[in-house]
Amino acid sequence: MNSSNTSGSKRKQPEPTTDDDRAPLSLAEMKRGIMGSDAATQLSCMRQLQQMLTPQNHDPPLIQETIDDSLVTRLVRLLAGGSNNNNTNNSNINNSNNNDTTVQLTAASTLEAIIVASKHGSSDYVTLAVTCGAIPHLKDMLPMGSGNSTGMQLAALRVLGCIGQSSSPHRDAVLNADVVPSIIDIIKGKPSDTPLIRAATKALSHLFAGKPLVRYDTMQPFCDVAMSLMFSLDEEVLEYTCQIATSMSDGPNNRIDSILETGVCMRVVELLSHPSQPVRVSALMVVGNIATGSDSQTQTLLNNGVVPHLRALMLSGNAALMEHACWVVSNLLSGTQEQMEEVLDGDVMSLIIAPLDHEEKDVRKKAAWAIAKSGNTSTSDQMNRLVHREGCIEPWCTLLMHDDRYVVLDSLESLRRCLRLERDALDEEKRSKDESDDELNRGNAPFPMAIRIEEAGGKAAMIKLKDEHTNHDIMNRCCDILEVYFDHHDDEEGQGRCWFRTPSI
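Residues numbered from 1 in each chain as written. Predicted model: local features only at pLDDT ≥ 70, side-chain atom pairs only at ≥ 80, totals over all residues. Heavy atoms only, no water.

Colleague: For this particular structure, what's the right way to read the overall build of the protein chain?
Modeller: When helices and strands are counted, the protein chain shows 30 helices and zero strands. Burial status across the protein chain gives 49% buried among its 505 residues. Considering only residue pairs separated by 6 or more positions, the protein chain has 69% of its internal contacts joining residues 24 or more positions apart. A total accessible area of about 23,900 Å² is found for the protein chain, and carbon and sulfur atoms account for 47% of it. (Helix = DSSP H or I, 4+ residues; strand = E, 2+ residues; numbered from the N terminus. Buried < 20%, exposed > 50% of the residue type's maximum accessible area, 1.4 Å probe, protein only. Contact = heavy atoms within 4.5 Å. Areas by Shrake-Rupley, 256 points an atom, 1.4 Å probe, with all protein chains shown as cover.)

Here you go:
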């Protein structure tokens, strides 16, 4: 027979109909299907509702009319595996048991989609889900060895993370349910399951973040897995792990100690050079928190070679990296004189001065923090480097007009210390020469550093601050410096000159 004869041609088995092939349901029909007892219909309707809730598709007013207490309550019940509990037929019961896991997973994903959608609408579906008891059911989906599949654990972690991220009260509700030990058990029990570890660390990063700070004893179990996670090959796991360490090191110094005791400091410093920018930024936040601690905690960073990494970040040209690197440097400069010496030896000061003119406001602000306080506690040799090699006089004078009063106060203190150290040097020179009746003693010798400060606009700025600023600390500091270190003569010969006077500060 000729194969071209169509009378005997074979026909293929038709493809099974899928959810995508069916005509889309209205939101009201989806709701009815989910509220019903047929598992297949529930699954189809929940999946279509998830698609409807995606950011590119969802319509907040229409969704608000459809998603209500009854629907969210139904989804929470489905989380507990309660899809068809009203069936009495044995075969139906068996089918229900077989479908329960899939229904649970889909209900969790639908609930997650609703929670995400609530960020774009006016209804607080997160509070509704919490009130309806979602958290205990999600917690039951986490434990290892309880028949929970990896898929169930993934779904529960995603939803718990979304709930925790939505607000501090919701975060605390999740933490009060004592979910952290179960999440840590997942990390310990399935270390090679990257998607699961990624979901677990992401959930913890949301649950440990925010204000007020989470109690440290709640977060402490993470210390058992911190080191291993810091060496993950997955960039997202590294990012979330650093975010968790940032939350744990935020606050009193004893929290910083607990992070340092895990031994992660060296690895966190190494991550400052990671190829991934999100990882570098997250690691930089941990380093920044440690740098706010005690001198010994700050020294741990320096011992692990943090300065060259900071210099590289300053040279990266990336605004976020530069901003946080300036913040870290500002805290390193607030340490001991020995620690300041390490920063100066690392050749980062010139890289901190340049961003004072950066187009990003936050970069300029953090650079101002670092420059302003750089001279506050410096030795005479360090001050000479700051003034003569790094050129800090001009930036200090410029920062006197900054809108952050702490930057202004720190800049005034750096200028005052600069003047005082020069006075001390002149006094020492006088004593060494035993010149009791020299010009210094008569109080009419020119003061070179004061002249330079005036030429850089510092004296005029201090006069303006003294007369116009509303902060009394700034006004008083300007008055003291002007009175002690500057003497402005109105006569023709001495007009505009700066003279050394015997100071009291």
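What follows picks up the thread again.
Colleague: Sorry if this is basic, but what is going on with helix H23 (residues 361-373) here?
Modeller: Residues that lie three or four places apart on an α-helix share one face, since the helix turns once every 3.6 residues. Along its 13 residues, H23 runs 19 Å from first to last C-alpha, staying within 8% of the 18 Å computed at 1.5 Å per residue. Looking at the buried residues of H23, the elements they touch are helix H20 (319-332), helix H22 (349-353), helix H25 (393-398) and helix H26 (405-433). (Expected span 1.5 Å × (residues − 1).)

Colleague: I keep staring at the pattern of salt bridges and nothing clicks. Help me out?
Modeller: A side chain of one charge can pair with a side chain of the opposite charge when the charged atoms of the two come close. By the definition in use, this model includes 20 salt bridges. Here Asp217 and Arg215 are joined by a salt bridge, their closest N and O atoms 2.6 Å apart. Take Arg215: its relative accessible area is 58%, and that puts it in the exposed class. One salt bridge in this structure joins Arg477 and Glu413, with 3.1 Å as the shortest N-O distance. On the criterion of sequence distance, the pair formed by Arg477 in helix H30 (residues 472-485) and Glu413 in helix H26 is long-range, its members being 64 residues apart. Counted as one network, the salt bridges with shared partners bring together Arg198, Asp234 and Glu236. (Salt bridge = Lys/Arg side-chain N within 4 Å of Asp/Glu carboxyl O.)

Colleague: Help me out: how do you make sense of unusual backbone geometry in this one?
Modeller: Across the chain, the bulk of peptide bonds are trans and the bulk of non-glycine residues have phi less than zero. For the bond running from Lys211 to Pro212, omega is -5°, close enough to zero to count as cis. Within the secondary structure, Pro212 sits in the loop between helix H11 (194-207) and helix H12 (216-219). Of note, Asp178 is a non-glycine position whose phi angle comes to about 65°, a positive value. By the element assignment, Asp178 lies in the loop between helix H9 (168-176) and helix H10 (180-189). Here Asp347, not a glycine, exhibits a phi torsion of approximately 60°, which is positive.

Colleague: Help me understand the environment of Thr102, please; the structure alone is not making it clear to me.
Modeller: Looking at where Thr102 falls in the secondary structure, it is placed in helix H5 (residues 90-118). Separated by 62 residues in the primary sequence, Thr102 and Ala40 place their C-alpha atoms 9.9 Å from one another.

Colleague: Looking at this structure, I do not really get the packing of aromatic side chains. What am I missing?
Modeller: The geometry of an aromatic ring pair is captured by the separation of the ring centres together with the interplanar angle, meaning the angle of the planes. One pass over the full model with this rule turns up zero aromatic pairs. Residue placement shows Arg267 over the ring face of Phe231; its charged tip is 4.6 Å from the ring centre. (Phe/Tyr/Trp six-rings, centres within 6.5 Å; stacked < 30°, edge-to-face > 60°. Lys NZ or Arg CZ within 6 Å of the ring centre and 35° of its normal.)

Colleague: Would you mind going over the nonpolar core with me for this structure?
Modeller: Generally speaking, nonpolar side chains in soluble globular proteins are found buried as a group. One finds Phe222, Val306 and Trp396 to be the most contacted residues of the largest nonpolar core, which totals 154 residues. Not counting chain neighbours up to four residues away, the residues in contact with Trp396 comprise Ile371, Ala372, Ser374, Gly375, Met383, Leu386, Val387, Ser411, Ser414, Leu415 and Cys418. (Core = buried A, V, L, I, M, F, W, Y, C linked by side-chain atoms within 4.5 Å.)

Colleague: When you look at the side chain of Ser109 in this model, what are you seeing that I'm missing?
Modeller: Of note, Ser109 is situated in helix H5. On the basis of relative accessibility, which here comes to 18%, the residue Ser109 falls in the buried class. In this structure Ser109 touches Gln50 and Arg158, once residues within four positions along its chain are discounted.

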